[in-house]
Amino acid sequence: MKELTYIRVGDYYIPNLKLAEQPDKPIGKYGRMRRRYLKEYRPALYSSLLLSEKLYSHLLQIDEAANERMDILMPQLMKAAGVTEELKAADQMKWVGLANNCRAQAEEIILAELIFN
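Residues numbered from 1 in each chain as written. Predicted model: local features only at pLDDT ≥ 70, side-chain atom pairs only at ≥ 80, totals over all residues. Heavy atoms only, no water.

1. Some words on helix α1 (residues 29-41)
Between its first and last C-alpha atoms α1 spans 18 Å; for 13 residues at 1.5 Å apiece the expected length is 18 Å, and the two agree. Taken as a whole, α1 has its buried residues at Tyr30, Gly31, Arg34, Tyr37 and Leu38. All buried residues of α1 lie within an arc of 125 degrees about the axis, which places them on one face of the element. Looking at α1, the residues exposed on the side facing more than 90 degrees away from the buried face are Arg36 and Lys39. Looking at the buried residues of α1, the elements they touch are α2 (43-51), α3 (55-81) and α5 (92-115). (Helix = DSSP H or I, 4+ residues; strand = E, 2+ residues; numbered from the N terminus. Expected span 1.5 Å × (residues − 1). Buried < 20%, exposed > 50% of the residue type's maximum accessible area, 1.4 Å probe, protein only. Arc of directions from axis to C-beta. Contact = heavy atoms within 4.5 Å.)

Following this line, the structure appears as structure tokens:
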């Protein structure tokens, strides 16, 4: 363990703490949703991950898993709902409505499986 040093600020001594280098990859939508959930509803887990410097990697992992799951679910749900290119050519508004419905279903599944558990 590194020796802990302090800096004096007024009448107080504040420890010089530095986090390890984190990757420059930004956290996506699902990673931010997971962070908010952990912060509000699982504060002990959030603090544990934050203090062990594993929070950022956890959020990246959740975001990547959620995006991969979305890529898998969307074609399956669209096929089951009958959302085809022929429908898109014949009735665009119906196609958009069905596609949005499939996206909402896929997002609900992802939220239940990955974000809010």
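After presenting the structure, the write-up continues.
2. Focus on the packing of α1 against α5
For the pair α1 and α5, the least separation of the axes is 11 Å and the interaxial angle reads 50 degrees. The angle between the axes of α1 and α5 places the two elements in the oblique class. Like other packed secondary-structure pairs, α1 and α5 cross with a definite hand, here right-handed. Taken together, the residues of α5 that come into contact with α1 (itself represented by Lys29, Tyr30, Met33, Arg34 and Tyr37) are Glu107, Ile110, Leu111, Leu114 and Ile115. Across the contact of α1 with α5, the residue classes tally to seven nonpolar, no polar and three charged. (Axes fitted to C-alpha atoms, helices over the stretch in contact; angles between N-to-C directions. Parallel < 35°, antiparallel > 145°, perpendicular 65-115°, else oblique. Left-handed = near helix turned anticlockwise from the far one by under 90°. Nonpolar A, V, L, I, M, F, W, Y, C, P; charged D, E, K, R; others polar.)

3. Topic: the pairing of strand β1 (residues 6-9)
As judged from the four bridges shared by β1 and strand β2 (residues 12-15), these two strands associate in the antiparallel manner. If you follow Val9 over to β2, its bridge partner there is Tyr12. Counting the residues in the hairpin turn of β1 and β2 gives two residues, including Gly10, whose phi is positive at 65 degrees. (Pairing = 2+ DSSP bridges.)

4. Focus on the nonpolar core
In terms of nonpolar packing, the biggest core is built from 18 residues, with Met78 and Ile110 touching the most fellow members. Within the residue set of this core, elements represented by two or more residues are α3 and α5. Among the elements that make up this core, the one with the highest residue count is α5 (eight residues). Leaving out residues up to four positions away in the same chain, Ile110 has contacts with Tyr30, Ala66, Arg69, Met70, Leu73 and Ile115. Ranked by size, the runner-up nonpolar core spans nine residues in total, among them Leu38, Tyr46, Tyr56 and Leu59. (Core = buried A, V, L, I, M, F, W, Y, C linked by side-chain atoms within 4.5 Å.)

5. Examining the packing of α3 against α5
For the pair α3 and α5, interaxial distance at closest approach is 9 Å and the crossing angle is 140 degrees. With respect to each other, α3 and α5 are oriented oblique. Seen from above, α3 lies across α5 with right-handed handedness. Residue classes in the contact of α3 with α5 are distributed as 18 nonpolar, one polar and four charged.

6. Some details on unusual backbone geometry
The phi torsion at Glu53 lies on the positive side, around 60 degrees, for a residue other than glycine. With respect to the secondary-structure elements, Glu53 resides in the loop between α2 and α3. A residue is classified by how much of its surface remains accessible, and Glu53, at 31% relative accessible area, is partly exposed.

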